[in-house]
Each structure stands twice: as structure tokens, then as C-alpha cells.
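Observations on the three-dimensional arrangement
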Amino acid sequence: MSEKKARLSIDGIDEPIELPVYAGSTGPDVVDVRSLVGQGVFTYDPGFVSTAACDSDITYIDGGAGVLLHRGYPIEQLAEKSNFLETCYLLLNGELPAADEREVFENTIRYHTMVDEAIHQFFRGFPRTAHPMAMLCGVVGALSAFYHDNLDIDNSEHRLLAAHRVIAKMPTLAAMCYKHGMGQPFMYPQNSMGFAENFLHMMFGTPCEEPKVSPVLAKAMDTLFLLHADHEQNASTSTVRLAGSTGTNPYACIASGIAALWGPAHGGANEAVLDMLYEIGDESRIEEFIKRAKDKDDPFRLMGFGHRVYKNYDPRATVIRGICDEVLEELGSENDPLLRIAKKLEKIALEDEYFIERKLFPNVDFYSGIILKAIGIPTSMFTVIFATGRTPGWIAHWHEMLSESYRIGRPRQLYKGYTKRDYPG
Ligand code: CMC
């Protein structure tokens, strides 16, 4: 029970309305406004900038300090000491696994990596030129047709089984999106391989050659997945929660998250960063683009800069910057012209008053696109990779929501349309 109270005086309502104030384990207090509807008023918060829509134990962000914790563990420590699958386990179960639990979890994920052969037919129905996100959204939603029958969303074990299935199948489906566009045969997952290694094998392997994946690139890919694993109540995770609050099945929920992630203000930003770097084309044109980003009459924004929550360096961007150097060295592309433009652009923007004043720092997407491009992944696949990494976060939030009492999500509105009027004639 909350001791702290907020009091809200509204013209026309005699007594101030008393509202409970709750403290989380860390972070800002929240004012519980649920009783306001009983007084005939709603709160107004487009973009949910001041609104907490749920309780959660999974991820904590302090945007001012540039802190990101999963179940209390800093992202930098997870990136250095853990790996993607262990982080998935942590997000889903709340604790790091013991050695035997890790082995069981890894085997479970391996066991679920294949997709039904009928899914191959789905892909054949898509045009070769289809955007990989369009295909991913469709086929993930279609998984409901295969796995929904024996799923009781009120049963925690069933929910975990769905979570394992979707985490395991995402890299397989992601690689199929790529292979379909390339006109190459789909590669079956190799259960002897690690998660990211397997993904790169399914992307770049062919049935004509022995599997061969660079351990440096596999490690970089694994860390990229890990850095995207969760980010509390962002647009796509909130979409998954909202869809899940209706009681719909997890595959439909994840498909809705994929759809929300697709936009350039969210998961599409790393693709947009690369497009921007190509458009800049030469270091001599950086100033011109910085000027455009600052011009209020120009819709252009510096892609990969700024964040709704981080008003400091995105801690994931710091890790990614290091990986970027390792990957380019492995591939012998240290002098990549795009990287040179990116580094110079970053330096100029970080010293510019406009960006300093607005606390606009590079975000996770600023460097991830350069790494993915160096690995040989086309820009249209970037958001698919983000979706593969974010899947454990989406499904952990869905699982958490269903483990507690929840209500269907139903925001209200400030109506500004016509009042009642009669149909003419
Ligand atoms: N370039 C130039 N100006 C910017 C930028 C930018 N990238 N981002 C914000 N601003 C300005 C904006 O014009 C506004 O200026 P003013 O106060 O003078 O009107 C001020 O900074 C605040 O911006 P905002 O739009 O109110 O901030 P927001 O929290 O609503 O938007 C954002 C956050 C990420 C959508 C935005 O910073 C942006 O569009 N960035 C570029 C796209 C991008 O990199 N997105 C990836 C986000 S990280 C991945 C993820 O978590 O999904």
C-alpha cells in the first residue's frame, strides 16, 4: 500500500482528488491515476511520455545516466561475460541459469530451430522482391496456424514452450527471408552450431559447400542479438503487450511487435543510418547534412542520433562501437569509407551546440548498420536482425503480463470531432 499521495485540484470538482504514489525498486515514482475515470476525467499523454502502463521486473533504463539493466545486470557486463541464449534465459526466468539449466535451455532451443516444411510454401508465395520484414511479419503470424491448438495461455509451462519455439525459430525464418530474395535454397539449421553461428550458416551457407562461419563474426552477431534483446516498454514491446492483453496467441503478438518495429523511428533506423551515410557519400558533405538536421524547415534528421529515453550515450552504442572495430579488422575493411564518414559525423555532432543542448547522442543503430553491412547482410535485412534479437524481450514481457493480473489495454481520447448532428435529408 502506498503512503505517499498526490493531490489533484480540478476546476469544477470541489475536493482535491487524492492519488496514491508508488515507488519502484529504482527510478521515478508513479502516480496511480486509475481512479480519475470515476471522477469523469482522463489523463492526456500522447506518445505515453509520462505514462507507466504496467509493472515490470525485467529491464530498467536510466536514460539520463545511460544505464540499461536486464534483471539488474548491466548490459555492458552481459555483453562481455554472457551470450545471447543465456540472456534470453535471464529475461524469461529472472535469474542466470546454473550450468545444468543452461545446458537444458540450449538443447531445448536447438530442438525447436526447424520450421514445418509447409512454411516453405508460404515463402514461395511471396514475390522475390518482397521486403524481408513483410515476409517475417506474415510467417511469424502464420506460426499460430501450426502451434496454437495445444496452447493454453493461462498455463505458464505452455507459455514457456511458445517462448522457446519462437526464440528458436526466428533465426531460421529470418534467414529464409534472405534466401527467398536471393533465389537460393533454404538452409536447414545445424544443431551442432551455436545460435548466432547457425544463423550466419543459414544466411550465407549453401548446400554445395561445407559449413564455415568465422568465429569472430559469430561472436559479433551473438553480441548484436544480445544488445537488442530487450528495452523495456518501447513501441514494439508495448504493441506486443497490448495485443497480448486481448488474450490472443503469442505468434500473433510477436507478429504485431514485428510490424511496430518496422518503422524508421524504431527498428528501421539502422537501415536509415546506412541510407543516410550513402547519401552523404563523402566526408566533405557532413557539414551540409548537420546543417539540414538542425533546420526546422527540413524534415531530415540525423539517423542513429537521439532517443526517447536516453539523454546520454546509449550504453549499447558504446559496446557496438568496439565490435565494429573488431569486425572490420577481421574482414580487412578498417578503412571502410562509410565508417570514416560515421566516425567523423559522430565527432562533429557531439561537439555541436544543437545536439549538446538537446542531449542527442548516438544510439544503438548508429554503428549496428555498419557492422551488418560489413558482414555482408543487405540493408533490407537489418530490421529482421533486430526483430530476431528483440524476440526474447517481447516474449518475456508477454509471459510476465500473463503471469500477473492484467486488463485489456484500452487507451482513452480527447475527442475533438463533431458533436451529434443529423444525417442530411
Ligand atoms: N536529428 C536532429 N534533430 C533531432 C533528432 C535527430 N536525430 N532527434 C531529435 N531531434 C530534435 C527534435 O527536432 C527536437 O528539437 P526541438 O526541441 O528544437 O523541437 C528535439 O531534438 C527533441 O526531439 P523529439 O522528436 O521530441 O524526441 P523524441 O523522444 O520524440 O524522438 C527519436 C526520439 C528517436 C524518434 C528521435 O530522436 C529521432 O527521430 N531519431 C532519429 C531516428 C533514430 O535514430 N531512431 C532510433 C531510435 S533507437 C532504436 C530503438 O530503440 O528503437
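Scroll up for the structure.
Structure report, in brief. (Residues numbered from 1 in each chain as written. Predicted model: local features only at pLDDT ≥ 70, side-chain atom pairs only at ≥ 80, totals over all residues. Heavy atoms only, no water.)

1. Remarks on the side chain of Asp32
How we decide: Going along the chain from the N terminus, every DSSP run of H or I of four or more residues is numbered as a helix, and every run of E of two or more is numbered as a strand. Pairs of N or O atoms are called polar contacts if they sit within 3.5 Å, as long as, within protein, a hydrogen donor faces a hydrogen acceptor (for residues adjacent in sequence, only side-chain-to-side-chain pairs). Residue contacts are counted whenever heavy atoms from the two residues lie within 4.5 Å of one another.
Here Asp32 is to be found in the loop between β3 (30-31) and β4 (59-62). Only 2.6 Å separates the side chain of Asp32 from the side chain of Tyr22, close enough to count as a polar contact. Not counting residues within four places of it along the chain, the set of residues in contact with Asp32 comprises Leu19, Pro20 and Tyr22.

2. Side note on the pairing of β4
For clarity, the threshold we go by: With a 1.4 Å probe rolled over the protein chains alone, any residue whose accessible area is under 20% of its type maximum counts as buried; one over 50% counts as exposed, and the rest are partly exposed. Between any two strands, pairing holds if DSSP finds at least two bridges.
Here β4 shows a buried face lined by Thr59 and Ile61 and an unburied face lined by Tyr60 and Asp62. Pairing geometry for β4 and strand β5 (residues 67-70), over 4 bridges, is antiparallel. Across the sheet, Asp62 pairs through a bridge with Val67, a residue of β5. Following β4, the chain reverses through 4 residues before pairing antiparallel with β5; Gly66 in that reversal takes a positive phi of roughly 70°.

3. A few points about unusual backbone geometry
Phi is positive for Phe48, close to 50°, though the residue is something other than glycine. With respect to the helices and strands, Phe48 occurs in the loop between β3 and β4. We classify Phe48 as exposed; its relative accessible area is 55%. With a phi close to 55°, Lys359 is a non-glycine residue in the positive phi region. Assignment of secondary structure puts Lys359 in the loop between α15 (353-357) and α16 (365-375).

4. Regarding a negative patch on the surface
Inclusion rule: Patch membership requires over 30% relative accessible area and the absence of a salt bridge. Like charges are linked within 9 Å, and nonpolar side chains (Val, Leu, Ile, Met, Phe, Trp, Tyr) within 5 Å. Surface accessibility in these figures is a Shrake-Rupley result with a 1.4 Å probe; residues are shielded only by whichever protein chains are displayed. Just to be clear on terms, a salt bridge is a Lys or Arg side-chain nitrogen sitting within 4 Å of an Asp or Glu carboxyl oxygen. Asp and Glu count as negative and Lys and Arg as positive, but His and the ends of the chain are not part of the count. Where a charge lies is defined by one atom per residue type, namely NZ (Lys), CZ (Arg), CG (Asp) and CD (Glu).
Together, Glu326, Glu329, Glu330 and Glu334 make up a region of like negative charge exposed at the surface. Within the element layout of this structure, Glu326 appears in helix α13 (residues 315-330). The exposure class assigned to Glu326 is partly exposed, which follows from its relative accessible area of 47%.

5. Side note on the sheet that holds β5
Reading across the sheet, the 3 strands line up as β4-β5-β6 and stay open at both edges, with antiparallel pairing between neighbours. Edge positions in the open sheet fall to β4 and β6 (73-74), since each of these has one partner strand only.

6. What about the pairing of strand β2 (residues 17-22)?
Consecutive side chains along a regular strand alternate between the two faces of the sheet. Covered by surrounding structure in β2 are Ile17, Leu19 and Val21 only, the residues Glu18, Pro20 and Tyr22 on the alternate face being uncovered. Sheet topology places strand β1 (residues 5-8) next to β2; 4 bridges connect them, and they run antiparallel. Paired with Arg7 across the strands is Glu18, a residue of β2. Sheet topology note: the β2/β3 ladder contains 2 bridges and is antiparallel. Within the sheet, the bridge partner assigned to Val21 lies in β3 and is Val31.

7. Here we look at the sheet that holds β3
Taken together, 3 strands build an open sheet; the order of strands is β1-β2-β3 and the sheet is antiparallel. One side of each edge strand has no neighbouring strand; the edge strands of this open sheet are β1 and β3.

8. A short note on the environment of Gly141
Relative to the assigned elements, Gly141 resides in helix α5 (residues 132-147). Classification of Gly141 by relative accessible area gives partly exposed; the value is 23%. Along the sequence, Gly141 and Pro250 sit 109 residues apart, while their C-alpha atoms lie 8.9 Å from each other. When near neighbours in sequence (up to four residues on either side) are disregarded, Gly141 contacts Tyr251 and Ala255.

9. Quick word on the packing of aromatic side chains
Cut-off, in case you're wondering: Working definition: rings of Phe, Tyr and Trp (its six-membered ring) pair if their centres are within 6.5 Å, and the pair is stacked with planes under 30 degrees apart, edge-to-face with planes over 60 apart, and tilted otherwise.
The tally for this structure, following the rule as stated, stands at 17 aromatic pairs. Where Phe146 meets Tyr147, the ring centres are 6.3 Å apart and the plane angle is 45°; that geometry is what we call tilted. By relative accessible area, which is 14% here, Tyr147 ends up buried. Aromatic side chains Phe305 and Phe355 sit 5.8 Å apart centroid to centroid with 70° between the ring planes, which places their arrangement in the edge-to-face category. Of this pair, Phe305 sits in the loop between α12 (286-294) and α13 while Phe355 is found in helix α15, placing the two residues 50 residues apart along the sequence. In this pair, the class of Phe305 matches that of Phe355, namely buried. Pairwise contacts between aromatic rings join Phe305, Tyr354, Phe355, Phe366 and Tyr367 into one cluster.

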